[in-house]
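# Observations on chain architecture
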Amino acid sequence: MPRRRSHAMPTPPVRLVPREGGGLALTVDGVTQSVAGPAQGYWAQMIPDQAPARALLLGLGGGTIAQLLAVRWPAVSITGIERDERIIAVARERLGLDALPRLTIIHADVFPWVAKRSGESPETYDYIAHDLYVGARMVPGALGTPFLRQVAMLLSPGGRLAMNLLRTQRLDAQITRLRRVFEVTARQDVE
C-alpha cells in the first residue's frame, strides 16, 4: 500500500507578546502569525477590494484576516480552519475571535477538510485566504497541485484566492505551481 504523505509538523511554542506600538502578537516558534491591534504588513493586502458573501480562511491562526474582513465587510460569512487548538484557545480568550458573530471556527487539519468538501457537492466561497504556516515554514503540501485543485473547487466562479508567500529563493517556483491551477492576476510585495 502506498504511503500517504503526512502534513503534520511539530508543534512549536505558541505565545502572546506585546507589540511595539500597542496590541498583541501571537507567535509560533518566535514568528508572528497574527496580531491584535493595528495590522501592519501583509494582512491588509490580503483583504479583497470587493465584498465577498462567503470567505474561507485556510490557516485561521489568531484571526487577523478574519478581524480585518469583519471590519471592512461586516456582512461577510467567514469560515476559519485551524489545526492547532492552542492557537484557537488563545485567539478566543485574548484576541477577540468570539466577538465576530459571522465567524465559524473549525478545529481541523485543513488537508482532509478541503479534500472532503471538494469531493462532495462543494459549497463555494467568493474569497479564500491561503495562509498555511507553522512559524516561518509553509506546511508541507500547501502548494501541492492536488491540494490546490481541491481548493479551486471550493472557489466560486469569479472568486478570489489570496495567498501568503514568503520572499525566498523558491518564490518564482511557487508562483509557477500556482499558475498550474489558478490565474495569477496580481502580486503584491510587502516588506
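Residues numbered from 1 in each chain as written. Predicted model: local features only at pLDDT ≥ 70, side-chain atom pairs only at ≥ 80, totals over all residues. Heavy atoms only, no water.

Across its full length, the chain holds five helices and 10 strands. For 191 residues, the compact-globule formula gives about 16 Å, and the C-alpha radius of gyration of the chain, at 16 Å, lands near that figure. Dimensions along the principal axes, computed over C-alpha positions, put the chain at roughly 45 × 35 × 30 Å. Looking at the chain as a whole, 43% of its 191 residues qualify as buried. Accessible surface for the chain amounts to roughly 10,800 Å². Of this, 49% is attributable to carbon and sulfur atoms. Taking the average place of the 23 positive charges on the side chains of the chain and the average place of its 17 negative ones, the gap between the two points comes to 5 Å. (Helix = DSSP H or I, 4+ residues; strand = E, 2+ residues; numbered from the N terminus. Rg over C-alpha atoms; globule rule 2.2 N^0.38 Å. Buried < 20%, exposed > 50% of the residue type's maximum accessible area, 1.4 Å probe, protein only. Areas by Shrake-Rupley, 256 points an atom, 1.4 Å probe, with all protein chains shown as cover. Lys, Arg positive; Asp, Glu negative; His and termini not counted. Charge placed at Lys NZ, Arg CZ, Asp CG, Glu CD.)

Right, let's talk about the packing of aromatic side chains for a bit. Scanning the entire structure with this criterion turns up two aromatic pairs. On the numbers, 4.6 Å between centres and 55 degrees between planes, the contact of Phe111 with Phe147 is tilted. Here Phe111 is found in helix H3 (residues 110–119), whereas its partner Phe147 is found in helix H4 (residues 145–153), with 36 residues between them in sequence. Look at Phe111 and you get buried, because its relative accessible area is 7%. Residue class for Phe147 comes out buried when judged on its relative accessible area of 5%. When the ring centre of Tyr125 is taken as reference, the NZ or CZ atom of Arg54 above it lies at 4.4 Å. (Phe/Tyr/Trp six-rings, centres within 6.5 Å; stacked < 30°, edge-to-face > 60°. Lys NZ or Arg CZ within 6 Å of the ring centre and 35° of its normal.)

So yeah, pure geometry; function would need other evidence.
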